[in-house]
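# Analysis of the macromolecular model
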Amino acid sequence: MADSTTIRARPVKGPPIIESELLAMIIFVFADVMFFAGFISAYALVGARAPIGWWPPPGDPALPVAAAGGATVALLLSGAAVFQAGRAAKADLAAARRPLAVAMALAVAFVGYQVFEFVRLSSGGFTLQSSANGGFFYTIVGAHGLHAVSAVVVLGWTQRELAAGRLTRAAFSAIRLYWYFVVLLWPAIYTTVYL
Amino acid sequence: MIRRLVVLAALALPGAANACSTCMDPREGNRTLLWVTIFLSLLPLGLLASIGGFFWYRARTAAAVVAPSPDLPPVEIR
(Lines give C-alpha, C1' and ligand atoms only; values in the text may rest on other atoms or scores of the structure.)
Protein backbone atom coordinates (compact mmCIF):
# COMPACT_ATOMS: atom_id res chain seq x y z
CA MET A 1 0.00 0.00 0.00
CA ALA A 2 1.47 3.36 -1.09
CA ASP A 3 1.91 6.21 1.39
CA SER A 4 -0.32 9.18 0.79
CA THR A 5 -0.60 12.68 2.31
CA THR A 6 -3.51 15.06 2.10
CA ILE A 7 -2.75 18.78 2.03
CA ARG A 8 -4.68 21.92 1.24
CA ALA A 9 -3.55 23.80 -1.84
CA ARG A 10 -2.24 27.22 -0.97
CA PRO A 11 -0.60 29.54 -3.51
CA VAL A 12 2.78 30.63 -2.22
CA LYS A 13 3.23 33.53 -4.65
CA GLY A 14 0.47 35.73 -6.02
CA PRO A 15 0.49 38.04 -9.01
CA PRO A 16 2.72 41.12 -8.84
CA ILE A 17 1.19 44.18 -7.19
CA ILE A 18 1.94 46.17 -10.32
CA GLU A 19 3.21 45.13 -13.72
CA SER A 20 6.56 46.47 -14.91
CA GLU A 21 5.04 48.21 -17.95
CA LEU A 22 2.52 50.09 -15.83
CA LEU A 23 5.11 51.04 -13.20
CA ALA A 24 7.43 52.42 -15.88
CA MET A 25 4.60 54.47 -17.35
CA ILE A 26 3.60 55.83 -13.92
CA ILE A 27 7.18 57.02 -13.35
CA PHE A 28 7.30 58.57 -16.82
CA VAL A 29 3.95 60.34 -16.38
CA PHE A 30 5.05 61.63 -12.95
CA ALA A 31 8.13 63.23 -14.53
CA ASP A 32 6.07 64.58 -17.43
CA VAL A 33 3.49 66.15 -15.11
CA MET A 34 6.27 68.04 -13.34
CA PHE A 35 7.75 69.09 -16.72
CA PHE A 36 4.49 70.66 -17.84
CA ALA A 37 3.68 72.04 -14.38
CA GLY A 38 6.97 73.94 -14.48
CA PHE A 39 6.26 75.45 -17.88
CA ILE A 40 2.64 76.32 -17.11
CA SER A 41 3.68 77.92 -13.80
CA ALA A 42 6.40 79.94 -15.53
CA TYR A 43 3.88 81.10 -18.14
CA ALA A 44 1.39 82.13 -15.46
CA LEU A 45 4.11 83.93 -13.53
CA VAL A 46 5.45 85.88 -16.50
CA GLY A 47 1.92 86.90 -17.47
CA ALA A 48 1.06 87.99 -13.94
CA ARG A 49 4.23 90.06 -13.60
CA ALA A 50 3.69 91.97 -16.83
CA PRO A 51 2.34 95.51 -16.48
CA ILE A 52 -1.41 95.75 -16.83
CA GLY A 53 -2.38 95.75 -20.49
CA TRP A 54 0.93 94.27 -21.60
CA TRP A 55 0.01 90.58 -21.51
CA PRO A 56 -0.28 89.14 -24.02
CA PRO A 57 2.22 91.60 -25.50
CA PRO A 58 0.78 94.15 -27.92
CA GLY A 59 1.21 92.92 -31.47
CA ASP A 60 0.71 89.26 -30.65
CA PRO A 61 -2.28 87.80 -32.50
CA ALA A 62 -5.38 86.68 -30.61
CA LEU A 63 -5.31 82.92 -30.23
CA PRO A 64 -8.21 81.01 -31.85
CA VAL A 65 -10.12 80.17 -28.69
CA ALA A 66 -13.21 78.71 -30.39
CA ALA A 67 -11.34 76.52 -32.88
CA ALA A 68 -8.98 75.26 -30.18
CA GLY A 69 -12.05 74.59 -28.04
CA GLY A 70 -13.36 72.34 -30.82
CA ALA A 71 -10.03 70.51 -30.86
CA THR A 72 -10.30 70.17 -27.08
CA VAL A 73 -13.68 68.48 -27.46
CA ALA A 74 -12.20 66.08 -30.06
CA LEU A 75 -9.36 65.20 -27.71
CA LEU A 76 -11.71 64.63 -24.76
CA LEU A 77 -13.90 62.39 -26.93
CA SER A 78 -10.77 60.50 -27.89
CA GLY A 79 -10.04 59.95 -24.19
CA ALA A 80 -13.60 58.69 -23.72
CA ALA A 81 -13.08 56.26 -26.62
CA VAL A 82 -9.91 54.90 -24.99
CA PHE A 83 -11.85 54.54 -21.73
CA GLN A 84 -14.48 52.57 -23.65
CA ALA A 85 -11.70 50.45 -25.17
CA GLY A 86 -10.49 49.62 -21.67
CA ARG A 87 -13.97 48.53 -20.64
CA ALA A 88 -14.44 46.44 -23.77
CA ALA A 89 -11.04 44.79 -23.24
CA LYS A 90 -12.07 43.40 -19.85
CA ALA A 91 -13.93 40.58 -21.55
CA ASP A 92 -11.87 40.32 -24.71
CA LEU A 93 -8.78 42.33 -25.69
CA ALA A 94 -9.67 42.18 -29.36
CA ALA A 95 -12.94 44.01 -28.63
CA ALA A 96 -10.89 47.14 -27.92
CA ARG A 97 -9.94 47.55 -31.57
CA ARG A 98 -12.99 49.48 -32.69
CA PRO A 99 -13.05 52.13 -29.91
CA LEU A 100 -9.27 52.44 -30.29
CA ALA A 101 -9.72 53.18 -33.99
CA VAL A 102 -12.21 55.94 -33.10
CA ALA A 103 -9.75 57.34 -30.53
CA MET A 104 -6.96 57.30 -33.07
CA ALA A 105 -9.06 59.13 -35.69
CA LEU A 106 -9.94 61.84 -33.16
CA ALA A 107 -6.31 62.12 -32.07
CA VAL A 108 -5.19 62.52 -35.68
CA ALA A 109 -7.80 65.27 -36.10
CA PHE A 110 -6.44 67.04 -33.01
CA VAL A 111 -2.84 66.80 -34.19
CA GLY A 112 -3.86 67.94 -37.68
CA TYR A 113 -5.57 70.99 -36.23
CA GLN A 114 -2.48 71.85 -34.17
CA VAL A 115 -0.22 71.64 -37.22
CA PHE A 116 -2.65 73.88 -39.13
CA GLU A 117 -2.74 76.38 -36.27
CA PHE A 118 1.06 76.45 -35.93
CA VAL A 119 1.50 77.08 -39.66
CA ARG A 120 -1.16 79.81 -39.68
CA LEU A 121 0.19 81.61 -36.60
CA SER A 122 3.85 81.39 -37.58
CA SER A 123 3.13 82.63 -41.12
CA GLY A 124 1.44 85.63 -39.51
CA GLY A 125 4.62 86.57 -37.64
CA PHE A 126 3.85 84.92 -34.31
CA THR A 127 6.94 82.81 -33.81
CA LEU A 128 9.06 81.26 -31.07
CA GLN A 129 11.24 84.39 -31.02
CA SER A 130 8.60 87.07 -31.59
CA SER A 131 7.80 87.49 -27.88
CA ALA A 132 7.90 85.71 -24.54
CA ASN A 133 4.28 84.78 -25.17
CA GLY A 134 5.23 83.15 -28.48
CA GLY A 135 8.12 81.30 -26.86
CA PHE A 136 5.87 79.88 -24.16
CA PHE A 137 3.06 79.12 -26.60
CA TYR A 138 5.18 77.09 -29.00
CA THR A 139 7.10 75.36 -26.20
CA ILE A 140 4.07 74.30 -24.13
CA VAL A 141 1.61 73.58 -26.93
CA GLY A 142 4.37 72.10 -29.10
CA ALA A 143 5.55 69.78 -26.32
CA HIS A 144 1.99 68.59 -25.82
CA GLY A 145 1.62 68.17 -29.57
CA LEU A 146 4.74 65.96 -29.67
CA HIS A 147 3.20 63.85 -26.92
CA ALA A 148 -0.03 63.60 -28.96
CA VAL A 149 1.92 62.59 -32.09
CA SER A 150 3.81 59.90 -30.16
CA ALA A 151 0.50 58.72 -28.68
CA VAL A 152 -0.99 58.39 -32.17
CA VAL A 153 2.02 56.26 -33.17
CA VAL A 154 1.60 54.13 -30.05
CA LEU A 155 -2.15 53.73 -30.71
CA GLY A 156 -1.31 52.55 -34.24
CA TRP A 157 1.19 50.07 -32.84
CA THR A 158 -1.45 48.91 -30.34
CA GLN A 159 -3.89 48.25 -33.16
CA ARG A 160 -1.31 46.15 -34.96
CA GLU A 161 -0.45 44.15 -31.85
CA LEU A 162 -4.13 43.63 -31.06
CA ALA A 163 -4.74 42.35 -34.57
CA ALA A 164 -1.82 39.94 -34.20
CA GLY A 165 -2.99 38.86 -30.72
CA ARG A 166 0.35 39.83 -29.18
CA LEU A 167 -0.69 42.71 -26.92
CA THR A 168 -0.51 42.02 -23.19
CA ARG A 169 -2.99 43.49 -20.74
CA ALA A 170 -0.17 45.21 -18.86
CA ALA A 171 1.05 46.96 -22.01
CA PHE A 172 -2.52 47.98 -22.83
CA SER A 173 -2.94 49.47 -19.34
CA ALA A 174 0.29 51.45 -19.74
CA ILE A 175 -0.79 52.77 -23.14
CA ARG A 176 -4.18 53.82 -21.77
CA LEU A 177 -2.52 55.64 -18.89
CA TYR A 178 -0.32 57.57 -21.32
CA TRP A 179 -3.29 58.61 -23.44
CA TYR A 180 -5.30 59.68 -20.37
CA PHE A 181 -2.34 61.85 -19.37
CA VAL A 182 -2.14 63.49 -22.81
CA VAL A 183 -5.91 64.06 -22.86
CA LEU A 184 -6.29 65.39 -19.31
CA LEU A 185 -3.24 67.65 -19.60
CA TRP A 186 -4.69 69.53 -22.54
CA PRO A 187 -7.58 71.30 -20.69
CA ALA A 188 -5.01 72.68 -18.22
CA ILE A 189 -2.92 74.00 -21.13
CA TYR A 190 -5.98 75.32 -22.96
CA THR A 191 -7.31 77.26 -19.98
CA THR A 192 -3.86 78.68 -19.14
CA VAL A 193 -2.59 79.57 -22.61
CA TYR A 194 -5.73 80.24 -24.65
CA LEU A 195 -8.19 81.73 -22.15
CA MET B 1 36.68 92.43 7.20
CA ILE B 2 35.03 93.07 3.83
CA ARG B 3 32.66 90.20 4.48
CA ARG B 4 31.59 91.75 7.78
CA LEU B 5 31.01 95.10 6.10
CA VAL B 6 28.84 93.46 3.45
CA VAL B 7 26.80 91.68 6.13
CA LEU B 8 26.39 94.94 8.07
CA ALA B 9 25.36 96.80 4.93
CA ALA B 10 22.82 94.09 4.10
CA LEU B 11 21.38 94.35 7.60
CA ALA B 12 21.21 98.13 7.41
CA LEU B 13 19.73 98.23 3.92
CA PRO B 14 17.74 95.01 3.41
CA GLY B 15 16.00 96.41 0.35
CA ALA B 16 19.31 96.69 -1.50
CA ALA B 17 20.11 93.07 -0.72
CA ASN B 18 16.89 91.88 -2.31
CA ALA B 19 18.38 89.79 -5.09
CA CYS B 20 15.38 87.65 -5.90
CA SER B 21 14.41 88.71 -9.40
CA THR B 22 11.02 87.02 -9.21
CA CYS B 23 10.00 88.58 -5.90
CA MET B 24 9.57 92.05 -7.36
CA ASP B 25 6.24 92.72 -8.91
CA PRO B 26 4.84 95.85 -10.53
CA ARG B 27 1.36 95.11 -9.20
CA GLU B 28 0.51 95.59 -5.58
CA GLY B 29 -0.97 92.54 -3.94
CA ASN B 30 -0.13 90.16 -6.78
CA ARG B 31 -0.07 86.71 -5.22
CA THR B 32 0.66 84.66 -8.34
CA LEU B 33 4.18 83.81 -7.16
CA LEU B 34 2.78 82.56 -3.87
CA TRP B 35 0.15 80.39 -5.59
CA VAL B 36 2.68 79.04 -8.08
CA THR B 37 5.05 78.18 -5.23
CA ILE B 38 2.29 76.40 -3.34
CA PHE B 39 1.17 74.59 -6.50
CA LEU B 40 4.66 73.37 -7.41
CA SER B 41 5.36 72.37 -3.79
CA LEU B 42 2.17 70.37 -3.31
CA LEU B 43 1.93 68.81 -6.77
CA PRO B 44 4.71 66.20 -6.34
CA LEU B 45 3.43 65.37 -2.86
CA GLY B 46 -0.09 64.90 -4.23
CA LEU B 47 1.22 62.75 -7.07
CA LEU B 48 3.26 60.60 -4.69
CA ALA B 49 0.25 60.21 -2.40
CA SER B 50 -1.90 59.17 -5.38
CA ILE B 51 0.68 56.63 -6.55
CA GLY B 52 1.03 55.32 -2.98
CA GLY B 53 -2.75 55.00 -2.71
CA PHE B 54 -2.86 53.13 -6.02
CA PHE B 55 -0.13 50.73 -4.85
CA TRP B 56 -2.00 50.17 -1.58
CA TYR B 57 -5.20 49.42 -3.49
CA ARG B 58 -3.41 47.00 -5.82
CA ALA B 59 -1.68 45.31 -2.88
CA ARG B 60 -5.02 44.81 -1.14
CA THR B 61 -6.55 43.41 -4.32
CA ALA B 62 -3.58 41.06 -4.83
CA ALA B 63 -3.77 39.93 -1.17
CA ALA B 64 -7.45 39.12 -1.59
CA VAL B 65 -6.61 36.99 -4.63
CA VAL B 66 -3.88 34.93 -2.91
CA ALA B 67 -5.60 34.56 0.49
CA PRO B 68 -6.03 30.84 1.25
CA SER B 69 -9.58 29.68 1.34
CA PRO B 70 -10.81 27.01 3.77
CA ASP B 71 -13.07 25.81 0.97
CA LEU B 72 -10.13 24.75 -1.20
CA PRO B 73 -10.45 21.12 -2.15
CA PRO B 74 -7.91 18.79 -0.55
CA VAL B 75 -5.17 17.58 -2.84
CA GLU B 76 -3.80 14.11 -2.43
CA ILE B 77 -0.10 13.58 -3.05
CA ARG B 78 1.32 10.12 -3.45
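It should be emphasised that the depicted structure is a prediction, and the values quoted were computed from it without experimental measurement.

### Details of the overall build of chain B
Along chain B, the regular secondary structure elements total two helices and one strand. Across the 78 residues in chain B, those meeting the buried criterion constitute 5%. For chain B, the accessible area works out to roughly 6500 Å², and carbon and sulfur atoms hold 69% of it.

### Description of a nonpolar patch on the surface
Residue and element names in this part refer to chain B. Residues Met1, Leu5, Val7, Leu8 and Leu11 make up a contiguous nonpolar surface patch of about 590 Å² in total accessible area. Structurally, Met1 can be placed in the segment before α1 (2-12). Using a relative accessible area of 74% as the deciding quantity, one classes Met1 as exposed.

### Points about the pattern of salt bridges
Oppositely charged side chains may form a pair once their charged atoms are brought near each other. All names here are of chain A. Scanning the entire structure with this criterion turns up three salt bridges over all chains. With a closest N to O distance of 3.0 Å, Glu161 and Arg166 form a salt bridge. Using a relative accessible area of 8% as the deciding quantity, one classes Glu161 as buried. When salt bridges that share partners are traced, they join Arg160, Glu161 and Arg166 into one network.

### A short note on the side chain of A:Thr158
Looking at the element boundaries, A:Thr158 is found in helix α4 (residues 132-164). When sequence neighbours within four positions are dropped, the list of residues in contact with A:Thr158 reads A:Leu100, A:Leu167, A:Phe172 and A:Ile175.

### Describing the packing of helix α2 (residues 65-89) of chain A against helix α3 (residues 97-123) of chain A
Two packed helices can be described by the angle between their axes and the distance between those axes. All names here are of chain A. Their axes nearest at 8 Å, the elements α2 and α3 cross at an angle of 160°. Our classification of the angle between α2 and α3 gives roughly antiparallel. You can see that α2 and α3 cross each other, and the crossing is left-handed. Facing α2, whose interface residues are Ala67, Ala68, Ala71, Ala74, Leu75, Leu77, Ser78, Ala81, Val82, Gln84 and Ala85, α3 presents Pro99, Leu100, Val102, Ala103, Leu106, Ala107, Phe110, Tyr113 and Glu117. Each residue belonging to the contact of α2 with α3 can be placed in one class, and the counts come to 17 nonpolar, two polar and one charged.

### Description of the packing of aromatic side chains
Residue and element names in this part refer to chain A. On inspection of all chains with the given rule, the structure shows 17 aromatic pairs over all chains. Taking the centre distance of 5.1 Å and the plane angle of 75° together, the rings of Phe35 and Phe39 count as edge-to-face. Taken together, the positions of Phe35 and Phe39, both in helix α1 (residues 20-49) and four residues apart, correspond to about one turn of that helix. Phe39 gets classed as partly exposed once you look at its relative accessible area, which sits at 27%. Ring geometry for Tyr113 against Phe116: centres 6.4 Å apart, planes inclined by 45°, an arrangement best described as tilted. Of this pair, Tyr113 and Phe116 both sit in helix α3, separated by three residues, roughly a single helical turn. You can call Phe116 exposed: its relative accessible area is 51%. Every member of this aromatic cluster is reached through a ring pair, and the members are Phe110, Phe118, Phe126, Phe137, Tyr138, Trp186, Tyr190 and Tyr194.

### Some remarks on the nonpolar core
Across soluble globular proteins, nonpolar side chains show a tendency to be buried alongside one another. Residues and elements named next belong to chain A. Ranked by internal contacts, the top residues of the largest apolar core, which has 53 residues, are Phe137, Phe172, Trp179, Trp186, Ile189, Val193 and Tyr194. For this core, the element with the highest residue contribution is helix α5 (residues 169-194), accounting for 15 residues. The residues touching Val193, leaving out its near neighbours within four places in the chain, are Tyr43, Leu63, Phe137, Ile140 and Val141.

About the criteria used
Residues numbered from 1 in each chain as written. Chains lettered and ligands numbered in written order. Predicted model: local features only at pLDDT ≥ 70, side-chain atom pairs only at ≥ 80, totals over all residues. Heavy atoms only, no water. Helix = DSSP H or I, 4+ residues; strand = E, 2+ residues; numbered from the N terminus. Buried < 20%, exposed > 50% of the residue type's maximum accessible area, 1.4 Å probe, protein only. Areas by Shrake-Rupley, 256 points an atom, 1.4 Å probe, with all protein chains shown as cover. Patch = residues over 30% accessible without salt bridge, like charges linked within 9 Å, V, L, I, M, F, W, Y side chains within 5 Å. Salt bridge = Lys/Arg side-chain N within 4 Å of Asp/Glu carboxyl O. Contact = heavy atoms within 4.5 Å. Axes fitted to C-alpha atoms, helices over the stretch in contact; angles between N-to-C directions. Parallel < 35°, antiparallel > 145°, perpendicular 65-115°, else oblique. Left-handed = near helix turned anticlockwise from the far one by under 90°. Nonpolar A, V, L, I, M, F, W, Y, C, P; charged D, E, K, R; others polar. Phe/Tyr/Trp six-rings, centres within 6.5 Å; stacked < 30°, edge-to-face > 60°. Core = buried A, V, L, I, M, F, W, Y, C linked by side-chain atoms within 4.5 Å.

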